[in-house]
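# Residue-level structure breakdown
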Amino acid sequence: MLYFSDLLQYSDVFFSGLKTTVELTVLTTILGVALGTVCATVRQYGNRASQHVVSVYVELIRNTPFIVQLFFIFFGLPAIGMMLSPWQASMIALTINLGAYSTEIIRAGLASISKGQVEAAKVLGLNFRQTLTRVIFIPAFEKIYPALTSQCIIVMLGSAVISQISVQDLTYAANLVQSRNFRAFESYLVTALLYLGLSILLRFAFNALGKRLFAYRTSN
Amino acid sequence: MIEFSNYDILRNLLFATQWTILLSLAAFIGGTTVALTLTAMRLTRNPAMQRIVKIYVELFQGTPLLMQMFLCFFGLSMLGYEISAWGAAILSLTFFTSAFLVEIWRGCIDTLPKGQWEASRCLGLSFLQTLRFIILPQAIRVATAPTVGFSVQVIKGTALASVIGFVELTKVGTMLNNATFEPFKIFTLVALIYFMLCYPLSLYSKHLEKKFNVSR
Amino acid sequence: MSLVNLHQVHKYYGDHHVLKGIDLVIKAGEVVSIIGKSGSGKSTLLRCINGLEQYQEGGITVDGKEVTTEDIQVRRLALSVGMIFQNFNLFPHMTVGENVMLAPTIVLKKSKAEAEATARAMLEKVGLAEKFDSYPEKLSGGQQQRVAIARALAMSPKVLLCDEITSALDPELVGEVLKVLEQLAKEGITLVLVTHEMNFARDVGSRVVFMHQGKVWEQGDPKTVLSNPQTDELKQFMGAVL
Ligand SMILES: Nc1ncnc2c1ncn2[C@@H]1O[C@H](COP(=O)(O)OP(=O)(O)OP(=O)(O)O)[C@@H](O)[C@H]1O
Ligand SMILES: [Mg+2]
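Residues numbered from 1 in each chain as written. Chains lettered and ligands numbered in written order. Predicted model: local features only at pLDDT ≥ 70, side-chain atom pairs only at ≥ 80, totals over all residues. Heavy atoms only, no water.

The name given to chain C in an unreviewed UniProt entry is Amino acid ABC transporter ATP-binding protein, with Marinomonas arctica as the source organism. Recorded in UniProt under Sequence similarities (unreviewed entry), the annotation for chain C is "Belongs to the ABC transporter superfamily." UniProt annotates chain C under Subcellular location (unreviewed entry) with the comment "Cell inner membrane". (UniProt positions renumbered as here; feature names shortened; annotations may be inferred.)

Chain B has the name Amino acid ABC transporter permease in an unreviewed UniProt entry, where Marinomonas arctica is given as its organism. Recorded under Sequence similarities (unreviewed entry), the UniProt text for chain B is reproduced unchanged: "Belongs to the binding-protein-dependent transport system permease family. HisMQ subfamily."

## Digging into the overall build of chain B
Each helix and strand in chain B was counted, giving eight helices and zero strands. In chain B, the succession of helices and strands from N to C terminus is α-α-α-α-α-α-α-α. Along the three orthogonal principal directions, the C-alpha set of chain B runs to about 75 × 50 × 20 Å. Burial analysis of chain B (216 residues in total) assigns 47% to the buried set. Considering only contacts within chain B whose residues lie at least 6 apart along the sequence, 76% involve residues at least 24 apart. Total accessible area on chain B is roughly 10,900 Å²; 68% of this is exposed by carbon and sulfur atoms. Of the charged side chains in chain B, 17 are positive and 10 negative, and the gap between their average positions amounts to 13 Å. (Helix = DSSP H or I, 4+ residues; strand = E, 2+ residues; numbered from the N terminus. Buried < 20%, exposed > 50% of the residue type's maximum accessible area, 1.4 Å probe, protein only. Contact = heavy atoms within 4.5 Å. Areas by Shrake-Rupley, 256 points an atom, 1.4 Å probe, with all protein chains shown as cover. Lys, Arg positive; Asp, Glu negative; His and termini not counted. Charge placed at Lys NZ, Arg CZ, Asp CG, Glu CD.)

## Focus on the site of ligand 1
Residue and element names in this part refer to chain C. Taken together, Tyr13, His16, Val18, Lys37, Ser38, Gly39, Ser40, Gly41, Lys42, Ser43, Thr44 and Glu164 make up the full set of residues near ligand 1. Ser38 has a polar side-chain atom sitting 2.6 Å from an oxygen atom of ligand 1. Within the side chain of Ser43, a nitrogen or oxygen atom sits 2.7 Å from an oxygen atom of ligand 1. At the level of secondary structure, the elements contributing two or more residues to the shell around ligand 1 comprise strand E2 (16-27) and helix H1 (42-49). A total of three residues in the shell around ligand 1 trace back to one element, the largest contributor, which is H1. Class assignment of the residues belonging to the shell around ligand 1 gives a composition of two nonpolar, seven polar and three charged. (Near = heavy atom within 4 Å. Polar contact = N/O pair within 3.5 Å; in protein donor to acceptor, adjacent residues only side chain to side chain. Nonpolar A, V, L, I, M, F, W, Y, C, P; charged D, E, K, R; others polar.)

## Describing the layout of surface pockets
Residues and elements named next belong to chain A. Each pocket or cavity is described by its volume, and for the second largest pocket that value is around 470 Å³. In terms of lining, the second largest pocket is formed by 21 residues, of which the most central are Thr29, Tyr145, Cys152, Phe206 and Leu209. Every element with two or more residues in the lining of the second largest pocket is listed here: helix H1 (11-45), helix H6 (128-158) and helix H8 (184-213). Class assignment of the residues belonging to the lining of the second largest pocket gives a composition of 18 nonpolar, three polar and no charged. (1 Å grid on protein atoms, 1.4 Å probe; cavity = no way out; pocket = protein on both sides within 12 Å on 5 of 7 lines; lining within 4 Å. Points joined across faces, edges and corners; volume = space filled by probe spheres on them.)

## Here we look at empty space enclosed by the protein
Throughout the structure, instances matching the rule amount to three cavities of 30 Å³ or more. Considered as a void within the structure, the largest cavity measures approximately 100 Å³ in volume. Lining the largest cavity are 14 residues; nearest its centre among them are Val123 and Leu124 of chain A together with Met83, Arg151 and Ala152 of chain C. Looking at the lining of the largest cavity, the elements with two or more residues in it are helix H5 (115-123) of chain A together with strand E6 (81-84) and helix H5 (141-153) of chain C. The biggest single contributor to the lining of the largest cavity is E6 of chain C, with four residues. Classifying every residue of the lining of the largest cavity gives 12 nonpolar, one polar and one charged. Roughly 50 Å³ of volume is contained in the second largest cavity. Lining the second largest cavity are Glu164, Ile165, Thr166, Leu178, Leu181, Leu193, Val194, Thr195, Glu197 and Phe200 of chain C.

## Looking at the environment of Leu108 of chain C
Mapped onto the secondary structure, Leu108 of chain C falls in the loop between helix H3 (96-106) and helix H4 (112-125). Residues Leu108 of chain C and Gly59 of chain C, 49 residues apart in the sequence, show an inter-C-alpha distance of 27 Å.

## Re the interface of chain C and chain A
Each partner contributes residues to the interface: chain C has 28 residues there, and chain A has 23 residues. Here chain C and chain A share an interface that buries about 2,300 Å² over both sides, 61% of which is from carbon and sulfur atoms. In terms of surface lost to chain A, no three residues of chain C exceed Phe91, His93 and Ile106 of chain C, which account for 23% of the buried area on that side. For the interface between chain C and chain A, the tally reads one salt bridge. Among the ionic pairs, Arg47 of chain C bridges to Glu119 of chain A, the shortest N-O distance being 2.6 Å. Between the two partners, chain C and chain A, sit five residue pairs in polar contact (both at pLDDT 80 or more). Going through the elements one at a time, helix H2 (71-80), E6 and H3 of chain C are the ones with two or more residues in the side of chain C that touches chain A. Counting residues per element, the side of chain C that touches chain A draws most heavily on H2 of chain C, at four residues. Taken together, the residues of the side of chain C that touches chain A sort by class into 16 nonpolar, four polar and eight charged. (Buried area = accessible area lost by both parts, 1.4 Å probe. Salt bridge = Lys/Arg side-chain N within 4 Å of Asp/Glu carboxyl O.)

Here it is in structure tokens:
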């Protein structure tokens, strides 16, 4: 039989885990997308050498598991003198991971902008930076917004792994609770539902943000 | 303490890689089988069936793979069903893989022009005949590249099986690390092995995509 | 006084010799129509004049200044050379007003109020004052092209380059755009346009330039050139168009 009632007494454990997960998600989403934007811009418009550097970064991250990246950063880097707290290591790993995926996604958006738009900006006298920020970015992001936000949610769900280096996130809370009350199934089920709620909430938030960012699609 | 030479480390890691590959294959086969069933359910146009598929996808794409593994492993044994780490890993990776593949394939089927269904019905083909002779051959062509691409996610997903104690590449990596205290070297090697498994598939997927785009 | 001056301009795409020694002098206030077969190098010529393409030999000056593709140069040229494209190329995420105000505010550093006043005046001129707050995708092709003209005019260019600006339009929308051009011509703006509109070239233009295989093959007063072509190639071309 399932017993959920005695999980209630652990609600603050769950809550604090949820808080950590949300905090890390918000922070790494912002940092990761920023990193991806910079890398995608370099990949699309930079010189040969810098394009190669970005490609190597993207392929290395996309073709290795997140948990190994996390272990490498948390266990491996201190061995060469870079001490990191679990929280710092997680934040770096998540940012680097999302950064690589969003580089690929955002680059596709940049590539979708027609040459004509860039030339129109040029003949109006805009410099490259102005062209990027005023003319290219918004339509480019609009094109790939669904893919980008899905990836952010995938990374949020992937963050469950950081409990393995004892960051006290939602999964850590689940492990803690089940080790105390020995009701693994209930504890994990509740946690899974919390994650589900979080991903649905995130999707709503992203949609709302998208409506504001790309308001021109819907207005008069 | 046992001394591990570089050779020992590599030998152990490569041995463990076999399990990673085996688990990936099992999950991929399981995942495609379930995804095929789910795709068929969706194509029936029966609202109840479609709803089930939708909820399935929502559940397994909306929760962490790690949590699914915990539920399969600790949860099921808690409920009295004994399950090995290997079984739990295959089961949860099958859910995970199928939930993503069914969505990927839906995208592929949706890219086929609606006229294809209508034209076939006008020619008097039944639903199954339309599927078998018209839709599937085209959809398979479109779907191959993203499916191969997704197999990379499956391989990477198997790394989480280490958390529930299944001894594959990542697990052996952490075990070797505990024995040698050479995390930098060990995890670099582990990452490289994963890279060598995944990167060719990524390249192949890109190649297929290009070939397909050229041919149409 | 010559405003645009091309001297023996050669342009290659790789091995492909596209412009083969173009000599062309355009005076302020002229309306020059460039005609010619597809692939004869008309667009390439315009793109060399505003620095979008690099030419390999010869020289181009606009308003006395040498044209190169170096970014700074293109931007300075933008102040004296306006360009309108076949596909409008309005910025989809900005309103009509924002499209027109963008360059004056961030390139000319005009104040917002000043830029808005100019924008409204230019939109008035092309007959779209009431569309100031609309987004481009809500406009017809003809309206979009008129906004593009207003956007170029807002930079008060000395010369306006138009590359087949009515070719992407439905036939019934061509007239409204040509009417705006005619108005501009009357106001004395220098226009260089690649066009297939022979009537416009004859009635409004001050000169016709026929290009063939990367060369200026024949040029002169529109009425004479078009009704009495000298070369076989132009005769043939006229035959094909009519
Ligand atoms: N970016 C490019 N790279 C290589 N070749 C080009 C490029 N742009 C144009 N060309 C070639 O240069 C020649 C002249 O092209 P251009 O676009 O100037 O012709 P056009 O007279 O404008 O023709 P149309 O009436 O079709 O617009 C053509 O043979 C074309 O194939
Ligand atoms: Mg052209």
